[in-house]
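# Topology and contacts: notes
The primary structure of each chain is shown beneath.
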Amino acid sequence: MRTDILPEELLETVLGSMTAVAAERLRAGPGLRQVLSGIFAEAASLRGVAPEPLVFARHLGARLSEADDPSRALERLHARDLALALACALETPGAADLLEEEVLGRLRVPLSRLHPSPAFVDEVLQTLRANLLMPRAGGPPRLASYAGVGSLFHWVNSVGVRLALRMRKAQGQEAQVDAEVLAAHPAQGGLELGLVREEARAHVRAAFVQAVASLDDEDRELLRLHFVERLTLERMGALYGLHKSTLSRRLSGVQALLEKRTRRCLSERLALSSEELDSVMRAIHGRLDLSLSGLLVAKG
């Protein structure tokens, strides 16, 4: 398909698959036809497994309707990834093999950070395949919900990491493992323990470990993506389907919760007056997040 020509039928199918308000917002934007032409050309580059253009147009419209800003979502769209996810959901021959080659096969390294056992990684990947590709309660496979904003690899990686955490927890391996690694490998420039009197340092670190372990899987994953994987709020917003301002507020809330729980754990460990506890917390205020680089890193 030429990138400067978009059949009217495809344009109207995309817009007709959107809500009236979303379609109107998109139609009002400049260069819509040219942008869509490039998107359809990119989707067609899958060749043998590319979805039919009209099928892809309906799917694209439905996903754009879910975006807070359809025009921005369209500009950031990973069209080839969206087409591959749709082809897999439609059980197009060869699509699952391509997903394995381009996405699932690359997950072994990040998953091995959660658990060094190849058998565990194999188990997670097998469960992840079923999770992504099998129909759910009469509905489409989970992969059909991928909106194309953010790469398919990062989207699947996020799903896979959350799945691995749940599986590890189900096997009796609590989050304490992650927190112990964190304590053993603090980030450069991390907790300012030098500002805390020597006899309290071990307690501060242990309280932080306990606080990290008390967070739920979703909160630890949010911290891992931002402080370990170094993803920007824009990239994380694409993964979560949230505006960066919303994600920033959520991240700030998790950090505040982490500091609050660290304080509570520390008060249980040390017989400090309120003023002394305040002094210790001031010494490490704003620095707890900088020690998160060891989070979810497998022990050597």
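This brings us to helix H2 (residues 20–28). Ala22, Ala23 and Leu26 are the residues of H2 that are buried. Seen along its axis, H2 keeps its buried residues to an arc of 100°; they face one direction. For H2, the exposed residues lying more than 90 degrees away from the buried face are Ala20, Val21, Glu24 and Ala28. Elements in contact with the buried residues of H2: helix H1 (8–16), helix H3 (32–44), helix H4 (53–65) and helix H5 (70–75).

When pLDDT is averaged along the protein chain, the result is 79; 79% of the residues meet or exceed 70. Scored below 50 in pLDDT, residues 174–199 makes 60 contacts in the model with residues more than four places away or belonging to other chains. In the predicted structure, residues 293–300 sits below a pLDDT of 50 and forms 27 contacts with residues beyond four places in sequence or in another chain.

Throughout the structure, instances matching the rule amount to eight salt bridges. Its salt-bridge partner being Asp69, residue Arg25 comes within 3.8 Å of it at the nearest N-O pair. Residue Arg25 is located in helix H2, and its partner Asp69 is located in the loop between H4 and H5; the two are separated by 44 residues in the primary sequence. A relative accessible area of 41% means that Arg25 is categorised as partly exposed. Between Arg63 and Glu66 there is a salt bridge, with the nearest N and O atoms lying 2.6 Å from each other.

One pass over the structure, following the stated rule, counts two aromatic pairs. Between Phe40 and Phe56, the ring centres sit 5.5 Å apart and the planes meet at 85°, which makes this aromatic pair edge-to-face. Highlighted residues: Phe40 in helix H3 and Phe56 in helix H4, separated in sequence by 16 residues. Phe56 shares its class with Phe40; the two are buried. The lysine or arginine in question, Arg106, covers the ring of Phe153, its NZ or CZ lying 3.9 Å from the ring centre.

With respect to the element layout, Thr13 can be found in helix H1. Among the residues examined, Thr13 registers a relative accessible area of 16% and is labelled buried.

Of note in this structure, Arg47 is not a glycine but carries a positive phi near 55°. As for its placement among the helices and strands, Arg47 is situated in the loop between H3 and H4. Residue Arg47 is classed as exposed on the basis of its relative accessible area of 71%. One non-glycine residue, Glu91, adopts positive backbone phi at about 60°. The topology assignment puts Glu91 in the loop between helix H6 (79–89) and helix H7 (95–102). Its relative accessible area of 61% is what places Glu91 among the exposed residues.

Since one α-helical turn is 3.6 residues long, residues separated by three or four positions face the same way. Within H7 the residues assigned to the buried category are Ala95, Leu98 and Leu99. All buried residues of H7 lie within an arc of 105° about the axis, which places them on one face of the element. Looking at H7, the residues exposed on the side facing more than 90 degrees away from the buried face are Asp97 and Glu101. Elements that come into contact with the buried residues of H7 comprise H6, helix H9 (118–133) and helix H10 (152–170).

By size, the foremost hydrophobic cluster in this structure holds 75 residues, and its most contacted members are Phe56, Leu60, Leu143, Leu152, Trp155 and Val156. Per-element accounting of this core gives the leading share, 10 residues, to H10. Residues contacting Trp155, with those up to four places away along its chain left out, are Leu132, Arg142, Leu143, Ser145, Tyr146 and Leu239.

So, how was this worked out
Residues numbered from 1 in each chain as written. Predicted model: local features only at pLDDT ≥ 70, side-chain atom pairs only at ≥ 80, totals over all residues. Heavy atoms only, no water. Buried < 20%, exposed > 50% of the residue type's maximum accessible area, 1.4 Å probe, protein only. Helix = DSSP H or I, 4+ residues; strand = E, 2+ residues; numbered from the N terminus. Arc of directions from axis to C-beta. Contact = heavy atoms within 4.5 Å. pLDDT = per-residue confidence, 0-100. Salt bridge = Lys/Arg side-chain N within 4 Å of Asp/Glu carboxyl O. Phe/Tyr/Trp six-rings, centres within 6.5 Å; stacked < 30°, edge-to-face > 60°. Lys NZ or Arg CZ within 6 Å of the ring centre and 35° of its normal. Core = buried A, V, L, I, M, F, W, Y, C linked by side-chain atoms within 4.5 Å.

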